[in-house]
Amino acid sequence: MSSPDTTGWNDSARDASLSHLPDHIRRAIEITPAAGTSERIIDITTLGRRTGRPRRIEIFFYRAAGATYLCSGAGGAATDWHANLLANPNFTFHLKNGIRADLPARATPVTDPAERQSVLAEIVADLINPTTPAPSGRLGSKTGPTVG
């Protein structure tokens, strides 16, 4: 999934949506493939799909082809945060390591199988070989920082 304002699942509002942010916040979101684990950890707050109550969790975010993605790491299994974002795509993207900021975001699920595979392949390539950025390519539709 991506989000326009900062993050989400697939960021199809592309990162022109980041241009309005202060430089230090934009740089924290525009991580490079060489980013360490702590730089990828954020919190997100979604609204519970049944209760409407805020739900805050810790999650990794990734960058691929100029967009921000969230991945569940649940191997395709359902997650509450993903279901919450499907019900209400607006959420808060909380930077918390070094730079602290609470940023409004909107998630867009990556539903096209080819796009999903392309995004995941780029993320995995960056994680396996962090000093060499993966080749960029058009992803198609898109998570502010999230791939479900």
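Our subject is the structure that appears above.
Residues numbered from 1 in each chain as written. Predicted model: local features only at pLDDT ≥ 70, side-chain atom pairs only at ≥ 80, totals over all residues. Heavy atoms only, no water.

Overview of the overall build of the chain
Quick reminder of the rule: Elements are defined by DSSP. Helices are runs of H or I of four residues or more, strands are runs of E of two residues or more, and each kind is numbered from the N terminus. Any residue under 20% of the maximum accessible area for its type is buried, any over 50% is exposed, and the rest in between are partly exposed; the area is computed with a 1.4 Å probe on protein chains only.
The number of helices and strands found in the chain is 4 helices and 5 strands. For the chain, the α and β elements follow one another from N to C terminus as α-α-β-β-β-α-β-β-α. Split into buried and exposed, the 148 residues of the chain put 46% on the buried side.

Describing helix H4 (residues 113-128)
Just so we agree on the cut-off: Between the first and last residue of a helix there are one fewer steps than residues, each counted as 1.5 Å, and that sum is the expected span. The contact definition used throughout considers only heavy atoms, calling two residues in contact when any of these lie within 4.5 Å.
An ideal rise of 1.5 Å per residue puts 22 Å on 16 residues; H4 measures up with 22 Å between its terminal C-alpha atoms. Buried residues in H4 make contact with strand E2 (54-64) and strand E3 (67-70).

Quick word on the sheet that holds E2
Adjacent strands of a sheet pair through backbone hydrogen bonds, lying either parallel or antiparallel. Where we set the bar: Note: two strands are recorded as paired if DSSP finds a minimum of 2 bridges between them. The axes are straight lines fitted to the C-alpha atoms, using for helices just the contacting stretch, and the angles between their N-to-C directions are given from 0 to 180°.
Taken together, 5 strands build an open sheet; the order of strands is E3-E2-E1-E4-E5 and the sheet is antiparallel. Each edge of the open sheet is held by one strand with a lone partner, namely E3 and strand E5 (101-106). Ignoring which end each strand starts from, the neighbouring axes of this sheet average 40° apart. Helix H3 (residues 80-87) contacts strand E1 (41-47), E2, E3 and strand E4 (90-95) of the sheet and is inclined by roughly 50° relative to E1. Along the sheet, H4 makes contact with E2 and E3, crossing E2 at roughly 80°.

Some thoughts on the pattern of salt bridges
Pairs may arise between side chains of opposite charge once their charged atoms sit close together. For clarity, the threshold we go by: For this analysis, a salt bridge means a side-chain nitrogen from Lys or Arg found within 4 Å of a carboxyl oxygen belonging to Asp or Glu.
If you walk through the whole model with that rule in mind, you get 6 salt bridges. When the shortest N-O distance is used, the salt bridge between Glu30 and Arg26 registers 3.1 Å. Residue Asp43 pairs with Arg56 through a salt bridge whose shortest N-O separation is 2.9 Å. Highlighted residues: Asp43 in strand E1 and Arg56 in strand E2, separated in sequence by 13 residues. Arg56 gets classed as partly exposed once you look at its relative accessible area, which sits at 49%. If you follow the salt bridges from partner to partner, you end up with Asp43, Arg56, Glu58 and Lys96 in one network.

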